[in-house]
Amino acid sequence: MRMRNLLSLLLTLIIASATFAQTASIKGRVMDSSGSVMPGVQVKVLQGETVVREGLTSDTGDFELPLNPGEYKLEITAPDFDAH
């Protein structure tokens, strides 16, 4: 019985660590060309043409969006912001 509990616990820890290993996030800070932070800017993360996450920058221009590992495109939208 004790061995089964130990194996069950070990299996649970392996599954939990595999699950945690599959989570990620993208984070950054949006600044203008002068180096000033840009608060309240819309940030979108796209996979292909599909928006998978979106949010706004904080008062310090920072953002963090949880994602699964993969390849993404980041889109920033703000008034008078010229995206290249």
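For the structure itself, consult the block above.
### Observations concerning the overall build of the protein chain
Here's step 1: In terms of regular secondary structure, the protein chain is built from 1 helix and 5 strands.
Here's step 2: Counted from the first residue to the last, the protein chain has its helices and strands arranged as α-β-β-β-β-β.
Here's step 3: Here the protein chain holds 84 residues, and the buried ones make up 15% of them.
Here's step 4: Counted over contacts in the protein chain with a minimum sequence separation of 6, partners at least 24 positions apart contribute 50%.
Here's step 5: Per element, the accessible surface of the protein chain, about 6,600 Å² overall, is 57% carbon and sulfur.

### Observations concerning the nonpolar core
Here's step 1: Core analysis: the biggest nonpolar cluster contains 10 residues, these being Val-30, Met-38, Val-41, Val-43, Val-45, Phe-63, Leu-65, Leu-67, Ile-76 and Ala-78.
Here's step 2: Listing elements by their share of this core, those giving two or more residues are strand E2 (42-47) and strand E4 (62-67).
Here's step 3: Setting aside chain neighbours within four positions, we find Val-43 in contact with Val-30, Arg-53, Glu-54, Gly-55, Thr-57, Phe-63, Leu-65, Leu-74, Glu-75 and Ile-76.

Definitions and cut-offs
- Residues numbered from 1 in each chain as written.
- Predicted model: local features only at pLDDT ≥ 70, side-chain atom pairs only at ≥ 80, totals over all residues.
- Heavy atoms only, no water.
- Helix = DSSP H or I, 4+ residues; strand = E, 2+ residues; numbered from the N terminus.
- Buried < 20%, exposed > 50% of the residue type's maximum accessible area, 1.4 Å probe, protein only.
- Contact = heavy atoms within 4.5 Å.
- Areas by Shrake-Rupley, 256 points an atom, 1.4 Å probe, with all protein chains shown as cover.
- Core = buried A, V, L, I, M, F, W, Y, C linked by side-chain atoms within 4.5 Å.

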